[in-house]
Amino acid sequence: MLPIVTPRLRLREFTMQDAPLVLALLTDPDFIRNVTDRGVHTLEDATNYISRGPLASYAQHGIGLWCMERLDDDQAVGMCGLIRREGLADVDVGYTLLPAWRGLGYASEAATACVQYGLTQLQLPRVVAYINADNQASARVLAKAGLHGCGPFDFPGSSVPTLLFSSDAAAAQS
């Protein structure tokens, strides 16, 4: 059960006190470009996002996006977690970091821990990820997390070319 602890990070459930972090993450231009604009532009929007997103997901599925904190100073640096999306068969791993904390291996460390949690603790048959086709940084993170590229994926509601990654190596070869 949460929190998930790695050598440098703790993944814990979000609380309403995390609204400033969520606001910073979801208004970051890289997040908007590589994921989507979630319509979060104020602290009130961020608290609504936490309530309707992560907190609702924890209650309904027992998983969701979690706050990513550094162990040595409890500094929140991003979010990472497992997401069960309506209409999609597999649970996927998602993550984002504040710009100051990118390139330090935190995304790979957290994504790896989430994938392993899904496969071992939750005994999921596989964990997947969806990324914009031109997001090479995320492709590297997912490879380090043990996911294999499966090629293009028609992500519902997205007009952006999307790639599917999977923990199931056989799916990547088909």
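In case you missed it, the structure is sitting above this.
For every chain, the first residue of the written sequence is number 1, and numbering continues from 1 onward in sequence order. In keeping with the model being predicted, local features are shown solely for residues with a pLDDT of at least 70 and side-chain atom pairs are shown and tallied solely at 80 or more, while totals for entire chains, interfaces and linings include all residues. Here the side-chain values reflect all heavy atoms present in the structure, with hydrogen atoms and water set aside.

A. Region of interest: the state of the cysteines. Any pair of cysteine sulfurs within 2.5 Å is marked as a disulfide. Inspection of the entire model under this criterion finds zero disulfides. C67 carries a free sulfur, and the closest cysteine sulfur to it, the one in C80, is 11 Å from it.

B. Region of the structure containing the environment of L65. Residue placement: L65 occurs in strand β3 (residues 65–70). Between the C-alpha atoms of L65 and C114, which are 49 residues apart in sequence, the distance is 9.9 Å. The contact rule is simple, with two residues in contact once any of their heavy atoms fall within 4.5 Å. Setting aside anything within four residues of it in sequence, one finds L65 in contact with F14, Y49, P54, Y58, M79, C80, G81, L82, I83 and G94. Put simply, DSSP H or I for four residues or longer makes a helix, DSSP E for two residues or longer makes a strand, and each gets a number counted from the N terminus.

C. Structural detail: the packing of helix α1 (residues 19–26) against helix α3 (residues 43–61). Angles shown run from 0 to 180 degrees and are taken between the N-to-C directions of axes, each axis being a line fitted to C-alpha atoms and, for helices, limited to the stretch in contact. Contact geometry for α1 and α3: axes closest at 8 Å, N-to-C directions at 100°. Relative to α3, the element α1 lies roughly perpendicular. Of α3, the residues touching α1 (which contributes A19, P20, V22, L23 and L26) are L43, A46, T47, Y49 and I50. Residue polarity follows a fixed list, in which Ala, Val, Leu, Ile, Met, Phe, Trp, Tyr, Cys and Pro are nonpolar, Asp, Glu, Lys and Arg are charged, and the others, Gly among them, are polar. Across the contact of α1 with α3, the residue classes tally to nine nonpolar, one polar and no charged. Orientation categories follow fixed angle ranges, with anything under 35 degrees roughly parallel, anything over 145 roughly antiparallel, 65 to 115 roughly perpendicular, and all other angles oblique.

D. How the structure looks around the side chain of N132. Tracing the chain through its elements places N132 in strand β6 (residues 127–132). A simple rule labels every residue: compare its accessible area, found with a 1.4 Å probe on the protein chains alone, to the largest value its type can have, and call it buried under 20%, exposed over 50%, or partly exposed in between. You can call N132 buried: its relative accessible area is 8%. If we skip the residues at most four places from it in the chain, N132 touches R33, N34, V35, V160 and P161.

E. Representation of the pattern of salt bridges. Whenever Lys or Arg places a side-chain nitrogen within 4 Å of a carboxyl oxygen from Asp or Glu, that contact is recorded as a salt bridge. In total, this model carries 12 salt bridges according to the counting rule given. Taking the shortest distance from any N to any O, the salt bridge between E69 and R10 comes out at 2.8 Å. Highlighted residues: E69 in strand β3 and R10 in strand β2 (residues 9–12), separated in sequence by 59 residues. Note on accessibility: E69 and R10 belong to one class, buried. With a closest N to O distance of 2.7 Å, R126 and D90 form a salt bridge. You can see R126 sitting in the loop between α4 (106–121) and β6 and its partner D90 sitting in the loop between β4 (76–84) and β5 (91–97), a full 36 residues away along the chain. Residue class for D90 comes out buried when judged on its relative accessible area of 15%.

F. Focus on the packing of aromatic side chains. Ring geometry is summarised as follows: Phe, Tyr and Trp rings, the Trp one being its six-membered ring, pair when their centres sit within 6.5 Å, and such pairs are stacked at plane angles under 30 degrees, edge-to-face over 60 and tilted between the two. Considering all chains together, one arrives at five aromatic pairs under this definition. Between Y130 and F153, the aromatic rings sit 4.9 Å apart at their centres with planes inclined by 35°, giving tilted as the arrangement. Separated by 23 residues along the polypeptide, Y130 in strand β6 and F153 in strand β7 (residues 148–153) bring together distant segments of the chain. Since its relative accessible area comes to 25%, F153 is described here as partly exposed. Each ring, one from Y130 and one from F155, has its centre 5.1 Å from the other, and the planes form 65°; the classification is edge-to-face.

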